[in-house]
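Inside the fold
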Amino acid sequence: MLEAVNRPGVPPMPTYSQGMVATGARTLYVSGQVAVGAARADGIAAKAEAVFENLRLVLSAAAMTMTDVAKLTVYLTDETDLSGFMAVYSARSPSPPPAVTLVIVKALTAPQYLVEVEAIAVR
């Protein structure tokens, strides 16, 4: 079970929670997911869709879903891809959304990877 925690007097953000209280007993640490299997897909939206599908598959293998995700860390290689990534993420984000850290990085492990997402899920 996850419960969003936000600073008093600050309205919650629509795409992330300031903190998440995890009361479950099982914790899944998901390694960074990239667009493996979609290397030929063009654009950040296609890459982000592939990343979230890979994340969904890992969560499913552990009998979890995006609603169990307490924390996401996102790595983007190009800050101009932020709005395209956020459009995909917003469509897949549960309510309440997890705590999120987004970092712009110089590169990932291969040039075709534009985004990488790692997660911590609790059930």
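One structure accompanies this document, and this report is about it. Here the residue numbers are simple positions, counted from 1 along each chain's written sequence. Only residues with pLDDT of 70 or above have their local features reported here, since the model is predicted, and side-chain atom pairs are shown and tallied only from 80 upward, although totals for entire chains, interfaces and linings are computed over all residues. The side-chain quantities take in all heavy atoms of the structure and omit both hydrogens and water.

Summarising the element assignment, L59 is placed in helix α1 (residues 43–61). Beyond its immediate chain neighbours, meaning those up to four positions away, L59 contacts L28, V30, M64, T65, M66, V69 and A121. Every helix listed is a DSSP run of H or I at least four residues long, and every strand listed is a run of E at least two residues long, numbered separately from the N terminus. Contact between two residues is taken to exist if any of their heavy atoms lie within 4.5 Å; hydrogens are not considered.

Here Q33 lies in strand β3 (residues 27–33). According to the relative accessible area criterion, Q33 is buried, its value standing at 15%. Definition of a polar contact: a pair of N or O atoms within 3.5 Å, with one able to donate and the other able to accept a hydrogen when the atoms are protein atoms, and with sequence-neighbouring residues admitted only if both atoms are side-chain atoms. Polar contacts involving the side chain of Q33 include one to the main-chain carbonyl oxygen of S31, which spans 3.0 Å. Those residues within four positions of Q33 in sequence are excluded, and the remaining contacts are V51, N54, L55, V58, V115, E116 and V117. Buried means the residue's accessible area, taken with a 1.4 Å probe over protein chains only, is under 20% of the maximum for its type, while exposed means over 50%, and partly exposed covers the values in between.

Quick look at unusual backbone geometry now. Omega for the peptide link from S95 to P96 comes to 0 degrees, which places this bond in the cis form. With respect to the element layout, P96 can be found in the loop between α2 (82–92) and β5 (99–104). At A63, a residue that is not glycine, the phi angle is positive and equals roughly 60 degrees. Here A63 lies in the loop between α1 and β4 (69–76).

This part is about the nonpolar core. Residue types Ala, Val, Leu, Ile, Met, Phe, Trp, Tyr and Cys, when buried and joined through side-chain atoms within 4.5 Å, form a set referred to as a nonpolar core. F52, L55, L59, L72, F85, V115 and V117 are the most contacted members of the largest nonpolar core, which has 24 residues in total. Among the elements of the structure, β3, α1, β4, α2 and β6 (115–122) are those that each provide at least two residues to this core. Ranked by residue count, the leading element in this core is α1, at seven residues.

What counts as a salt bridge is simple: a side-chain nitrogen of Lys or Arg found within 4 Å of a carboxyl oxygen of Asp or Glu. Tallied over the full model, the rule gives three salt bridges. We note a salt bridge from E49 to R92, for which the minimum N-O separation is 2.9 Å. Of the two residues, E49 is situated in helix α1 and R92 in helix α2; the sequence distance between them amounts to 43 residues. Look at E49 and you get partly exposed, because its relative accessible area is 34%. Note on R92: relative accessible area 29%, which makes it partly exposed.

With that out of the way, let us pick up the sheet that holds β4. Here, any two strands with at least 2 DSSP bridges between them count as paired. With mixed pairing, the four strands of this open sheet are ordered in space as β3-β6-β4-β5. What marks the edges here is a single partner per strand, and that holds for β3 and β5. The mean angle between the axes of side-by-side strands here comes to 10 degrees, regardless of whether they run parallel or antiparallel. The pairing of β4 with β6 spans seven bridges and is antiparallel. Of the residues in β6, the one forming a bridge with Y75 is E116. To obtain an axis, a line is fitted to C-alpha atoms, over the contacting stretch when the element is a helix, and the angle between two such axes runs from 0 to 180 degrees between their N-to-C directions. Where α2 meets the sheet, it contacts β4, β5 and β6, and its direction lies at approximately 155 degrees from that of β4.

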